Amino acid sequence: MQTPSSKTSDLPIPKSDPVLLVTGAAGLIGSEAVRHFSARGWTVHGLDNNMRADFFGPDGDTTWNLKRLQHDVPDYRHHVVDIRDRASILRLIEELPVDLIVHAAAQPSHDLAASRPFDDFDVNAGGTLNLLEGTRRYRPEAAFCFLSTNKVYGDAPNELPLVELETRWDYQRPEDARGIAETCRIDQSKHSLFGASKVAADVMVQEYGRYFGMKTICLRGGCLTGSAHSAAELHGFLAYLAKCVVDGRPYRVFGYKGKQVRDNIDASDVCRLIERFQAEPRCGEVYNIGGGRANSVSMLEAISWIESIAGRKLDWSYVDEPRSGDHVCYISDLTKLMTDFPGWRVEISLNSILENIVRTLEARVCAGLSASAV
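Residues numbered from 1 in each chain as written. Predicted model: local features only at pLDDT ≥ 70, side-chain atom pairs only at ≥ 80, totals over all residues. Heavy atoms only, no water.

Caption draft 1: Expanded view of the pairing of strand E4 (residues 100-103). Neither face of E4 is open: one carries Leu100 and Val102, the other Ile101 and His103, and all of them are buried. Bridge analysis of strand E1 (residues 19-23) against E4 gives four bridges, and the strand direction is parallel. By the bridge assignment for E4, leucine 21 is matched with isoleucine 101. Judged from the four bridges that link them, E4 and strand E5 (residues 143-149) form a sheet pairing that is parallel. Residue isoleucine 101 lies in a different strand from E5, and its bridge partner there is phenylalanine 144. (Buried < 20%, exposed > 50% of the residue type's maximum accessible area, 1.4 Å probe, protein only. Helix = DSSP H or I, 4+ residues; strand = E, 2+ residues; numbered from the N terminus. Pairing = 2+ DSSP bridges.)

Caption draft 2: Region of the structure containing the pairing of E1. Where burial is concerned, most of E1 is hidden: five out of the five residues are buried. Residues Val19, Leu21 and Thr23 of E1 are buried on one face, and the alternating residues Leu20 and Val22, pointing to the opposite face, are buried as well. Here five bridges tie E1 to strand E2 (residues 43-47), and the two strands are oriented parallel to one another. Within the sheet, the bridge partner assigned to valine 19 lies in E2 and is threonine 43. Each parallel crossover has a hand, and the one from E1 via helix H1 (residues 28-39) to E2 is right-handed. (Right-handed = clockwise from strand over helix to strand, strands pointing away.)

Caption draft 3: Quick peek at the side chain of asparagine 150. Relative to the helices and strands, asparagine 150 is located in the loop between E5 and strand E6 (162-164). The residues touching asparagine 150, leaving out its near neighbours within four places in the chain, are Arg220, Gly221, Gly222, His327 and Tyr330. (Contact = heavy atoms within 4.5 Å.)

Caption draft 4: Examining the confidence of the model for the protein chain more closely. Put simply, the protein chain has an average pLDDT of 93, and 94% of its residues get 70 or more. Note that residues 1-9 has pLDDT below 50 and, in this model, 17 contacts with residues that lie over four places away or in other chains. (pLDDT = per-residue confidence, 0-100.)

Caption draft 5: Looking closely at the packing of helix H8 (residues 237-247) against helix H10 (residues 299-310). The N-to-C vectors of H8 and H10 enclose an angle of 45°; their axes lie 10 Å apart at closest approach. Taken together, H8 and H10 sit at an angle that is classed as oblique. Crossing of H8 against H10: the hand is right-handed. Two secondary-structure elements touch here, H8 through Phe237, Leu238, Leu241, Ala242 and Val245 and H10 through Met299, Ala302, Ile303, Ile306 and Ala310. The class makeup of the residues in the contact of H8 with H10 is ten nonpolar, no polar and no charged. (Axes fitted to C-alpha atoms, helices over the stretch in contact; angles between N-to-C directions. Parallel < 35°, antiparallel > 145°, perpendicular 65-115°, else oblique. Left-handed = near helix turned anticlockwise from the far one by under 90°. Nonpolar A, V, L, I, M, F, W, Y, C, P; charged D, E, K, R; others polar.)

Caption draft 6: Expanded view of the nonpolar core. Membership of the largest hydrophobic core comes to 37 residues, with the highest contact counts inside it found for Leu147, Leu219, Val270 and Ile274. Broken down by secondary-structure element, the contributors of at least two residues to this core are E1, H1, helix H3 (63-72), E4, E5, strand E8 (215-221), helix H9 (267-279) and strand E12 (285-289). Ranked by residue count, the leading element in this core is H9, at six residues. If near-sequence neighbours (up to four positions away) are discounted, isoleucine 274 is found in contact with Phe37, Leu100, Val102, Cys145, Leu147 and Leu219. (Core = buried A, V, L, I, M, F, W, Y, C linked by side-chain atoms within 4.5 Å.)

Caption draft 7: Inspection of the packing of H1 against H9 at higher detail. One can describe the packing of H1 onto H9 by two numbers: an axis separation of 9 Å at closest approach and a directional angle of 60°. The pairing of H1 with H9 is recorded here as oblique in orientation. Both H1 and H9 take part in a crossing whose hand is right-handed. Along its contact with H1, which presents Leu28, Ile29, Glu32, Ala33, His36 and Phe37, the element H9 presents Ala267, Ser268, Val270, Cys271, Arg272, Ile274 and Glu275. Among the residues making up the contact of H1 with H9, the classes are represented as eight nonpolar, two polar and three charged.

Caption draft 8: Broad picture of the state of the cysteines. Counted under the stated rule, the structure contains zero disulfides. Between cysteine 218, a free cysteine, and cysteine 145, which holds the nearest cysteine sulfur, the sulfur-to-sulfur gap is 8.5 Å. Cysteine 223 provides the cysteine sulfur closest to cysteine 244, a residue in no disulfide bond, and the two sulfurs are 15 Å apart. (Disulfide = S-S within 2.5 Å.)

This is the structure:
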């Protein structure tokens, strides 16, 4: 089976050596971007100060992934820089002849944001502004891709009428079957503080595109996932679930009878879209990105699926209260994305995603580590 990281793009390999700057480079999307663009002949610089470990503890620590990245991609240049450090960010962008910035660094948990609101906003909104302004001042021709989130819509998607099926919730009306489109409102809904800080960043990315004519794009992700995810209970649905199955640790399901639905997309499919954007840039655009209906799964379905792949049962319990502002059923409508970028599609199936996550975790256990060790 071909692994996501080994997939090749159908775009021609650039003849020169363009330069990429990735934030959150040791994380899920960031590390995949490093691998993807390095394999295409790019010079890649990455920023990551492992603040994820501060946010989530040992489960969130990305040290293991950074070490693997530096071993596999020897030409990669890593910078331990905090995106809240405005002077350092401006100086770095001034010094590097960047052609593309992939901004994947974030405080990603809507639960954690409530207890650390200043950190959440300073990272998500302030850090994004630092990068945008550095790009405007020193690299205005560079393309800027921001990894936003479907939480910019708050709980507005919950207003769609749903039907309860045996193992999942689903949209009741045929016209809603493709999922949530970019026309869903972002105001007058409950976002969580995380969602609100990402709204601020999302709108600022749009504004730099529309006001200054910069090549900026917001990718409003559903569940972005993959085997490089340093998942924790507060963030990283599929990877954390698989970690609990493989490691034999307990898991909690929060509300909605365990029938809440998410659509899942592998990091490699996201990076192929980013490459499309760099080749065919837009100014101030927004797109929903996820696995679509084909890669959608409920919590109950995911538990059963991962148990089958791993060959062991999960010790899970049910908490009869959903997370505040959480979506009941969220499937990304990919119509706009696939219309504007007709050469792109989701290639990695949900089954392949789950297989890759589980096998990666099992390999770490075989190496004498727990699935959560770094």
